[in-house]
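Take a look at the letters that make up each chain.
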Amino acid sequence: MRKRGIIFDLDGTLLDTLEDIAISVNHVLNLYKKEPIELQKFRYLVGQGALQLMQDALGVDEAEAKVALEKFEKHYATQYSQNTKLYKGVSKLLTLLQKRGFKMAILSNKPDSFTKLCAVKYLREWKFEAVYGIRENVEKKPSPQAVYDILEEFKLKPDECLFMGDTKIDMITAKNANIDSIGVLWGFRERLELEENGAKYTVSTPADAIKLLGEL
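Residues numbered from 1 in each chain as written. Predicted model: local features only at pLDDT ≥ 70, side-chain atom pairs only at ≥ 80, totals over all residues. Heavy atoms only, no water.

1. Describing the overall build of the protein chain
Scanning the protein chain from terminus to terminus reveals 10 helices and 8 strands. Whereas a compact globule of 216 residues would reach a radius of gyration of roughly 17 Å, the protein chain reaches 17 Å, a difference of no more than 12%. For the protein chain, the C-alpha atoms occupy an extent of roughly 55 × 35 × 30 Å along the three principal directions. Expressed as a percentage of the 216 residues in the protein chain, the buried residues total 52%. The long-range fraction of contacts in the protein chain, counting pairs at least 24 apart against all pairs at least 6 apart in sequence, stands at 66%. (Helix = DSSP H or I, 4+ residues; strand = E, 2+ residues; numbered from the N terminus. Rg over C-alpha atoms; globule rule 2.2 N^0.38 Å. Buried < 20%, exposed > 50% of the residue type's maximum accessible area, 1.4 Å probe, protein only. Contact = heavy atoms within 4.5 Å.)

Written out as structure tokens, the structure is:
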């Protein structure tokens, strides 16, 4: 069936957010008198939500991570737009999809407030039917719950939609929702992780994604 909708992950797919996240996490680590984590290690720490990020970075339980999360979010509110940028070629990809009439949405495991802030700051040029981060009473990715919400807003069936992301969480989310997935290799993870977790397609650049989408 012809594809008419696409759901994007945010961090590592549309936006390179790694440096700003790292700076804010390392700020919290400093408050706890812990050693900073080097930037590239964050490629494997992010993806499961800010609370899990705090647990993994600090090595603490969930209760302590919730306290740390408040400190992280306070700092990240001033940091999130300092170094973050669209990946090269993403603007062309989004513009083309919009011209072709694709319905577009964003689904992230970033806190919902920051997901929306980033969308407004960096992605307001394009129309997204839905922009969701982690919301209260909605299971985070890889649960398909939020995907079903988006499909309802799209008024599309799963086989009319694609999911594009850069981590195994995204690939598993797509698989759980019975949606074809596109793993992007310009983000935070490698091809092997994406393919082992069910990526139907992988693309190295947004230009490759444009070519693939023209063939589907």
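2. A closer look at the pattern of salt bridges
When their charged atoms lie close together, side chains carrying opposite charge are able to pair. Following the criterion strictly, the structure yields 13 salt bridges and no others. For Lys141, the salt bridge is made with Asp9, and the minimal N-O distance between the two is 2.9 Å. Residue Lys141 is located in the loop between strand E5 (130-134) and helix H7 (145-154), and its partner Asp9 is located in the loop between strand E1 (5-8) and strand E2 (15-16); the two are separated by 132 residues in the primary sequence. Residue classification places Lys141 among the buried residues on the basis of a relative accessible area of 4%. Overall, Asp9 belongs to the buried group, its relative accessible area being 5%. (Salt bridge = Lys/Arg side-chain N within 4 Å of Asp/Glu carboxyl O.)

3. A word on unusual backbone geometry
Comment: phi is negative for the bulk of residues other than glycine, and the bulk of peptide bonds are trans. Here the bond from Lys141 into Pro142 is cis, since omega is 15°, no more than 30 degrees from zero. One can find Pro142 in the loop between E5 and H7. Positive phi, normally seen in glycine, also occurs at Lys33, with a value near 60°. If you trace the backbone, Lys33 turns up in the loop between helix H1 (18-31) and helix H2 (42-45). Of the residues examined, Lys33 reaches a relative accessible area of 75% and is grouped as exposed. Despite not being glycine, Asn178 shows a phi value in the positive range, around 60°. Structurally, the position occupied by Asn178 is in the loop between helix H8 (168-176) and strand E7 (180-184).

4. Examining the packing of helix H5 (residues 90-99) against helix H10 (residues 206-215)
Interhelical geometry of H5 versus H10 gives an angle of 20° and a closest axis separation of 8 Å. When the axis of H5 is compared with that of H10, the two are roughly parallel. Handedness of the crossing formed by H5 with H10: left-handed. Between H5 and H10, the residues in contact are Val90, Lys92, Leu93, Leu96 and Leu97 and Pro206, Ala209, Ile210 and Leu213, respectively. Per-class residue counts for the contact of H5 with H10 are 8 nonpolar, no polar and 1 charged. (Axes fitted to C-alpha atoms, helices over the stretch in contact; angles between N-to-C directions. Parallel < 35°, antiparallel > 145°, perpendicular 65-115°, else oblique. Left-handed = near helix turned anticlockwise from the far one by under 90°. Nonpolar A, V, L, I, M, F, W, Y, C, P; charged D, E, K, R; others polar.)

5. Here we look at the sheet that holds E1
Strand pairing in a sheet takes place through backbone hydrogen bonds and is either antiparallel or parallel in direction. The 6 strands are arranged E5-E4-E1-E6-E7-E8 in an open sheet whose pairing can be described as parallel. Strands with a single pairing partner mark the edges of an open sheet, and in this sheet they are E5 and strand E8 (201-203). Pairwise comparison of adjacent strand axes, ignoring direction, gives a mean angle of 20° for this sheet. Judged from the 4 bridges that link them, E1 and strand E4 (residues 103-111) form a sheet pairing that is parallel. Following the sheet pairing, Ile6 is matched in E4 by Met104. Across the sheet, H10 is in contact with strand E6 (161-165), E7 and E8; its angle to E8 comes to roughly 145°. (Pairing = 2+ DSSP bridges.)

6. Some points on the environment of Phe188
Residue position: Phe188 is located in the loop between E7 and helix H9 (191-196). In sequence terms Phe188 and Glu35 are 153 residues apart; their C-alpha atoms lie 22 Å from each other. Excluding anything up to four places from it in sequence, Phe188 contacts Asp11, Gly12, Asp16, Thr17, Leu18, Arg43, Tyr44, Val46, Tyr87 and Asp166.

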